[in-house]
Amino acid sequence: MRNNDITENIKVIFLDIDGVLNSSAYDRERKENDGNIDETRLPLIKRVVDETQAKIVLSSSWRTHWNRNLSLCDSVGKDMTALFAVYQLEIYDKTPVLSSNDRAEEIRMWLDKNKTVTHFVILDDNRFGWGELLEYLVSTSYRIGRGLEEKHLLEAIRLLNCENES
């Protein structure tokens, strides 16, 4: 069940790809046949999913390649889905695409349609324009480090499991 069909309370990871699942360090070292996703980052996402039971919602520009119906995915979307599956990861949904490319507004729209979300986190290297969503942002970096790192996954797990509440 997805979107308006959600009947259970869920946790969500709004996932960006560039700067989260890849980095400039990865780009410098990858081989010709390596994909655009640094596979060493996927076990980190898997750990967040396993420890929180959160669902992955693509908020990345890559979401235009993906569709719930695999036959409607382009080659990038199919490859991404297959790579995620290798790590027992599934893309649950994607945010809408607005002409403004306002990622925060796209996330707000998705949340407005999915009222049973109890907790969410945004994994993104984009640090501007989040407004009231800023407290849910776990900010990674494309240029520094390898995108998603251990410190980021620990913060995401903490936010999704409400370990900051007393």
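Up top is the structure.
Residues numbered from 1 in each chain as written. Predicted model: local features only at pLDDT ≥ 70, side-chain atom pairs only at ≥ 80, totals over all residues. Heavy atoms only, no water.

Trainee: Is there a simple way to think about the layout of surface pockets in this case?
Mentor: Over the atoms, a rolled probe matching the size of one water molecule traces out where space is still vacant. In this model, the largest pocket occupies a volume close to 300 Å³. If you go around the largest pocket, you meet 20 residues; those closest to its centre are Asn 101, Asp 102, Arg 103, Glu 106 and Asn 126. Broken down by element, the lining of the largest pocket gets its largest block of residues, 3 residues, from helix α4 (residues 103–113). As a volume, the second largest pocket reaches approximately 220 Å³. Around the second largest pocket, the lining residues are Tyr 26, Asp 34, Gly 35, Asn 36, Ile 37, Glu 39, Trp 62, Val 76, Asp 79, Met 80 and Leu 83. Considering every element that reaches the lining of the second largest pocket, the biggest residue donor is helix α3 (residues 75–86), with 4 residues. Its residues assigned to classes, the lining of the second largest pocket comprises 6 nonpolar, 2 polar and 3 charged. (1 Å grid on protein atoms, 1.4 Å probe; cavity = no way out; pocket = protein on both sides within 12 Å on 5 of 7 lines; lining within 4 Å. Points joined across faces, edges and corners; volume = space filled by probe spheres on them. Helix = DSSP H or I, 4+ residues; strand = E, 2+ residues; numbered from the N terminus. Nonpolar A, V, L, I, M, F, W, Y, C, P; charged D, E, K, R; others polar.)

Trainee: Would you take a moment to explain the pairing of strand β2 (residues 55–58) for this structure?
Mentor: In this sheet, β2 lies alongside strand β1 (residues 10–15) in parallel orientation, the contact comprising 4 bridges. Bridging across to β2, Phe 14 finds its partner in Val 57. At this point the chain moves from β2, through α3, to the parallel strand β3 (residues 91–94), and the crossover so formed is right-handed. (Pairing = 2+ DSSP bridges. Right-handed = clockwise from strand over helix to strand, strands pointing away.)

Trainee: Would you explain the sheet that holds β1 in this entry?
Mentor: Each strand in a sheet pairs with another by means of backbone hydrogen bonds, the pair being arranged parallel or else antiparallel. If you trace the 5 strands from one edge of the open sheet to the other, you get β3-β2-β1-β4-β5, paired in parallel fashion. Each edge of the open sheet is held by one strand with a lone partner, namely β3 and β5 (137–139). For this sheet the average axis-to-axis angle between neighbouring strands, irrespective of direction, equals 30°. Of the strands in this sheet, β1, β2 and β3 are in contact with α3, which crosses β3 at around 145°. Its contacts with the sheet put helix α5 (residues 150–160) on β1, β4 (117–124) and β5, and the angle it makes with β4 is roughly 160°. (Axes fitted to C-alpha atoms, helices over the stretch in contact; angles between N-to-C directions. Contact = heavy atoms within 4.5 Å.)

Trainee: Would you mind showing me how to read α5 here?
Mentor: Helical periodicity: at 3.6 residues per turn, an α-helix aligns residues three or four positions apart in one direction. Every buried residue belonging to α5 is among His 152, Leu 153, Ala 156, Ile 157, Leu 159 and Leu 160, and all of these are buried. Along the long axis of α5, the arc covered by the buried residues comes to 165°, so they all point the same way. Buried residues along α5 sit in contact with β1, α2 (42–52), β4 and β5. Cys 162 occupies a position one or two residues after α5 and carries a positive phi of about 55°. (Buried < 20%, exposed > 50% of the residue type's maximum accessible area, 1.4 Å probe, protein only. Arc of directions from axis to C-beta.)

Trainee: I'm lost on α3 in this one. Help?
Mentor: Compared with an ideal rise of 1.5 Å per residue, which puts 12 residues at 16 Å, α3 spans 17 Å between its outermost C-alpha atoms and is within 8% of the ideal. Two or three places before Val 76, at the start of α3, stands the capping residue Asp 74, its side-chain oxygen 3.1 Å from that residue's backbone nitrogen. Just beyond α3, the residue with positive phi is Gln 88, at close to 55°. (Expected span 1.5 Å × (residues − 1). Polar contact = N/O pair within 3.5 Å; in protein donor to acceptor, adjacent residues only side chain to side chain.)

Trainee: Can you help me understand unusual backbone geometry in this one?
Mentor: The general pattern is negative phi for most residues beyond glycine and trans for most peptide bonds. One non-glycine residue, Gln 88, lies in positive phi territory at about 55°. With respect to the secondary-structure elements, Gln 88 resides in the loop between α3 and β3. The backbone phi angle of Asn 101 is positive, close to 55°, even though this residue is not glycine. Here Asn 101 lies in the loop between β3 and α4.

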